[in-house]
Amino acid sequence: MTDTILTKIEGGVATLTLNRPKAMNSFDGDTARAIIDAVEGFAADEAVRMLVLASEGPVFSAGGDFNWVLTWPELDAITRKVGADSMMAAVQAVYDFPKPSIARVQGAAVGGGIGLMLACDFAVTISSARFGLTSARNGLLAGIAIPVLIQAVGPRMARQLLMHGGMFDSATALRIGLVDQVVEDDKLDATVAALADELRRGAPSVQTLVKKLITEIDAMPHDGTVADLIGEHVAVQCTTDDAMEGMSAFLAKRKPRWALE
């Protein structure tokens, strides 16, 4: 594994840490591909219950690496598209991760760094953090962030953020739905760990099904088709090993086995 990222698995929690602090944890093609490989590996590992996305140094991520992107005019169109696709694919890999994911955000998240953060199911940040979709002020499009940004804050707010391009504080990020929790700097790790412990109480098969269904249903018209789809999954889930264990544990007043792992 390239040293542009660091990975570890401890107690069922896989941590992927961006490790380019001197480059403000921006990502180039190699870093994007390393993220994809690591996330796909975690997804296939049965010992992994959830993912924490973190970073070294004072900045969470500045998004795409300008030093890398500045070389693009010298490249052919196909190579430029491959580079852009690799950044989009890194965010998509995190979004598609079939288990719970938490972004541990310190310092600042900017441009594509916000895309990477929002690809996670939860975002926990510190009160001193700063955020911005600043690409418009650099003559660029923050395309990496657009799909997950719309999902997080809605199309109107997404337009405003992308056109304005300014920085804003953690209180604003919380108010508009960009992050889920804001804590004091020295409480960040403890808060992320506590959230991971809470998520461990959920049945893995249900958490994976929830992630799949929410994405699928969000793209469907709200009619009888949705009700039929949910009904089918509810009926099947009720007969799974996790359902049998969960109901038995509740009746026996004990924790289900997945909460003890």
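Please refer to the structure placed before this passage.
What counts, and at which threshold
- Residues numbered from 1 in each chain as written.
- Predicted model: local features only at pLDDT ≥ 70, side-chain atom pairs only at ≥ 80, totals over all residues.
- Heavy atoms only, no water.
- Helix = DSSP H or I, 4+ residues; strand = E, 2+ residues; numbered from the N terminus.
- Expected span 1.5 Å × (residues − 1).
- Buried < 20%, exposed > 50% of the residue type's maximum accessible area, 1.4 Å probe, protein only.
- Contact = heavy atoms within 4.5 Å.
- Polar contact = N/O pair within 3.5 Å; in protein donor to acceptor, adjacent residues only side chain to side chain.
- Axes fitted to C-alpha atoms, helices over the stretch in contact; angles between N-to-C directions.
- Parallel < 35°, antiparallel > 145°, perpendicular 65-115°, else oblique.
- Nonpolar A, V, L, I, M, F, W, Y, C, P; charged D, E, K, R; others polar.
- Phe/Tyr/Trp six-rings, centres within 6.5 Å; stacked < 30°, edge-to-face > 60°.
- Left-handed = near helix turned anticlockwise from the far one by under 90°.
- Salt bridge = Lys/Arg side-chain N within 4 Å of Asp/Glu carboxyl O.
- Pairing = 2+ DSSP bridges.
- Core = buried A, V, L, I, M, F, W, Y, C linked by side-chain atoms within 4.5 Å.

It is worth spelling out helix H3 (residues 77–96) at this point. Taking 1.5 Å as the rise per residue, H3 with 20 residues should run 28 Å; its terminal C-alpha atoms sit 28 Å apart, in good agreement. Residues of H3 that are buried: Gly83, Ser86, Met87, Ala90, Val91, Ala93, Val94 and Tyr95. Taken together, the buried residues of H3 touch helix H1 (29–44), helix H2 (66–69), helix H4 (112–118), helix H5 (146–153) and helix H9 (204–218). One side-chain oxygen of the residue at the start of H3 lies 3.1 Å from the amide nitrogen of isoleucine 78, identifying that residue as aspartate 76.

With that out of the way, let us pick up the environment of isoleucine 230. Checked against the element boundaries, isoleucine 230 lands in helix H10 (residues 224–237). Sequence-wise, isoleucine 230 and leucine 213 are 17 residues apart; in three dimensions their C-alpha atoms are separated by 8.2 Å.

Turning next to the packing of H9 against H10. It is the contact of H9 with H10, at a shortest axis distance of 12 Å, that shows an interaxial angle of 170 degrees. Taken together, H9 and H10 sit at an angle that is classed as roughly antiparallel. In contact with Ser205, Val206, Leu209, Lys212, Leu213, Glu216 and Ile217 of H9, H10 contributes Val226, Leu229, Ile230, His233 and Gln237. For the contact of H9 with H10, a count of residues per class yields 7 nonpolar, 3 polar and 2 charged.

Attention shifts here to the packing of aromatic side chains. In this structure the tally under the stated criterion is 2 aromatic pairs. Ring centres of tryptophan 68 and tryptophan 72 lie 5.1 Å apart, and the angle between their planes is 90 degrees; this geometry places the pair in the edge-to-face category. Of the two residues examined, tryptophan 68 and tryptophan 72, each falls in the buried class.

Moving on to unusual backbone geometry. A positive phi angle is found at methionine 24, which is not glycine, with a value near 55 degrees. Structurally, methionine 24 is set in the loop between strand S2 (13–18) and H1. For methionine 24, a relative accessible area of 45% translates into the label partly exposed. If you check the backbone angles, asparagine 25 has positive phi at about 55 degrees while not being a glycine. Taking relative accessible area as the criterion, asparagine 25 reaches 1% and is therefore assigned buried.

Next up on the list: the side chain of asparagine 25. Tracing the backbone through its elements, the reader meets asparagine 25 in the loop between S2 and H1. What asparagine 25 contacts, discounting residues up to four positions off in sequence, is Leu18, Asn19, Arg20, Ser55, Glu56, Val59, Phe60, Ser61 and Ala62.

Any two packed helices are characterised by the angle at which their axes cross and by the distance between the axes. Axis separation between H1 and H3 bottoms out at 8 Å; the angle between their running directions is 25 degrees. Classified by the angle between their axes, H1 and H3 sit roughly parallel to one another. Note on packing geometry: the crossing formed by H1 with H3 is left-handed. Within the contact between the two elements, H1 uses Gly29, Ala32, Arg33, Ile35, Ile36 and Val39 and H3 uses Ser86, Met87, Ala89, Ala90, Ala93 and Val94. Considering only residue class, the contact of H1 with H3 consists of 9 nonpolar, 2 polar and 1 charged.

Inspection of the entire model under this criterion finds 12 salt bridges. Note that aspartate 197 and arginine 200 form a salt bridge whose closest N and O atoms lie 3.1 Å from each other. Here the salt bridges do not stand alone but share partners, grouping Arg20, Asp28 and Asp65 into one network.

Let us look at the sheet that holds strand S7 (residues 130–132). Across the sheet, which stays open at both edges, the 3 strands sit in the order S5-S7-S8 with mixed pairing between neighbours. With one partner strand each, in any of the chains shown, strand S5 (108–110) and strand S8 (167–169) form the two edges of the open sheet. Within this sheet the neighbouring strands show an average axis-to-axis angle of 20 degrees, counted without direction. In this structure, S5 lies alongside S7, joined through 3 bridges in parallel fashion. Bridge pairing in S7 links valine 110 to glycine 132.

We now examine the nonpolar core. In terms of nonpolar packing, the biggest core is built from 64 residues, with Leu16, Ile35, Met117, Phe131, Leu149 and Leu178 touching the most fellow members. Residues Leu209, Ile217, Val226 and Leu229 belong to the second largest nonpolar core, which totals 5 residues.

A separate point is the sheet that holds strand S1 (residues 5–10). Strand order in the open sheet formed by 6 strands is S1-S2-S3-S4-S6-S9, and the pairing between neighbours is mixed. Because the sheet does not close on itself, it has two edges, and the strands there are S1 and strand S9 (181–183). Strand-to-strand twist in this sheet, taken as the mean axis angle between neighbours without regard to direction, amounts to 20 degrees. By the bridge criterion, 6 bridges tie S2 to strand S3 (residues 50–55) in an arrangement that is parallel. In the sheet register, threonine 15 faces S3, and the bridge partner there is valine 52. Across the face of the sheet, H1 comes into contact with S1, S2 and S3 while running at roughly 10 degrees to S1.

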